Amino acid sequence: MPIMRAAFASRFDDADPLAALTVGERPEPTPPADDWVTVQLRATSLNHHDLWSLRGVGLTEAQLPMILGCDAVGLDPEGHPVVVYPVVVTPGDPRGVSILSEHFAGTLAERVVVPRSNLVPLPDGMAATDAACLPTAWLTAWRMLTTKGRVADADSVLVQGAGGGVATAAVALAVAMGKRVYATSRDAGKRDRISALGATAMEPGARLPERVDVVIETVGEATFDHSLKSAAPMARIVVSGATSGHEPSINLRRVFAMQLEILGTSMGTPGELYELLAFCSDNEVRPVVDSVVPFSRVEEGFARLHSGDAFGKVVIDHTA
Ligand SMILES: NC(=O)c1ccc[n+]([C@@H]2O[C@H](COP(=O)([O-])OP(=O)(O)OC[C@H]3O[C@@H](n4cnc5c(N)ncnc54)[C@H](OP(=O)(O)O)[C@@H]3O)[C@@H](O)[C@H]2O)c1
């Protein structure tokens, strides 16, 4: 049986997710239907989702081994450079869809199979290593700001946990849209780097100079009360993650008195991915990249993400 190199979850380890990561050989993927194609991978990036998978969140033992990775840029069967939209229709999943590495094998491999309709042309002039940051974290941030947060009607935005992949995306995009952006981070070094992106950096929990119209929440329990307190009347608090815990206590009096909207969201649509690629291309916005690691040393990328020290995306170069 033909084999390829891949990074996959071979078991679950909630306390030490890196111990559940295996880098080794897996069978070559075969398209499960005529409208699926094989993509030769050029660049991918890591997401907190990959750590959740290693912890056993969203996967069952029966699905192991599962190749990790949601993001990808590669070559389609005709050799054209493409960005892979990572959401796949999945009958049987309560959401109706799943993200690559949940039901279908992920992108941290030499090749991945996806529906041909999930392929989006790589914009001219955009590096594969930059575009590989966009389909998950940046797409999520784009939808949080635009479709859900209605940022076009907003003057100010708060981004919590600003060192993260989604969070740095939200900061860079909101700054490029001309908004006043506040961003919290626990780390002084990351606050300096957030300031360099054009945001006002704050310590977690600090009182903002103003109440904001849109809050970008991926941290959860550790920051949610601050998000509520920082929200202006009629503000939108958009939630796509809960890294520090998913059961915060919520002051409902504040929610109704200030007429706040708390909106959940996941990923984005193919149309939103096209919009995001065009916005980045037209405005010369490029992802915040923490580090680029060769695929041959993918474990180092996981360790970097798990350390919490990363600022922006950890990218994996499959050509190195
Ligand atoms: N629903 C979706 O479609 C979707 C898509 C992408 C991501 N997500 C979710 O969004 C979350 C972030 O993902 P990511 O890939 O951006 O993760 P990441 O790059 O690992 O960033 C996580 C950030 O959260 C902050 N953080 C972690 N623990 C914290 C704590 N106890 N207190 C305060 N801040 C804390 C940190 O910011 P500082 O170090 O700066 O404080 C860290 O940089 C994850 O839970 C992920 O599953 C969801």
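Not measured: the values here are computed from a predicted model. (Residues numbered from 1 in each chain as written. Predicted model: local features only at pLDDT ≥ 70, side-chain atom pairs only at ≥ 80, totals over all residues. Heavy atoms only, no water.)

Peer 1: For this particular structure, what's the right way to read the domain arrangement of the chain?
Peer 2: Accessible area lost upon the coming together of the parts is a frequently used measure of interface size. Partitioning the chain into domains gives domain 1 (3–133 + 287–317) and domain 2 (137–264). Averaged C-alpha coordinates put domain 1 and domain 2 at centres separated by 27 Å. With 13 residues of domain 1 at the interface, the matching set in domain 2 holds 13 residues. Carbon and sulfur atoms supply 64% of the area buried between domain 1 and domain 2, which totals about 1100 Å² over both sides. Three residues stand out in domain 1 for area buried against domain 2, namely Trp52, Val288 and Phe311, and they jointly supply 47% of the buried area on that side. Summed over the shared surface of domain 1 and domain 2, the result is 3 residue pairs in polar contact (both at pLDDT 80 or more). The residue makeup of the side of domain 1 that touches domain 2, split by class, is 7 nonpolar, 4 polar and 2 charged. (Domains from an automatic or database assignment. Contact = heavy atoms within 4.5 Å. Buried area = accessible area lost by both parts, 1.4 Å probe. Polar contact = N/O pair within 3.5 Å; in protein donor to acceptor, adjacent residues only side chain to side chain. Nonpolar A, V, L, I, M, F, W, Y, C, P; charged D, E, K, R; others polar.)

Peer 1: When you look at the site of the ligand in this model, what are you seeing that I'm missing?
Peer 2: By nearness alone, 25 residues border the ligand, and His48, Ser185, Lys190, Ser240 and Met267 come closest of all. Here an oxygen atom of the ligand and a side-chain polar atom of Thr140 are 3.5 Å apart. A distance of 2.9 Å is found between an oxygen atom of the ligand and a side-chain nitrogen or oxygen belonging to Arg186. If the ligand stood free it would expose 920 Å²; the protein chains cover 87% of that surface. Listing elements by their share of the shell around the ligand, those giving two or more residues are α1 (48–55) and α4 (165–176). A per-class count over the shell around the ligand returns 8 nonpolar, 15 polar and 2 charged. Taken domain by domain, the shell around the ligand gets at least three of its residues from each of domain 1 (3–133 + 287–317) and domain 2 (137–264). (Near = heavy atom within 4 Å. Areas by Shrake-Rupley, 256 points an atom, 1.4 Å probe, with all protein chains shown as cover. Helix = DSSP H or I, 4+ residues; strand = E, 2+ residues; numbered from the N terminus.)

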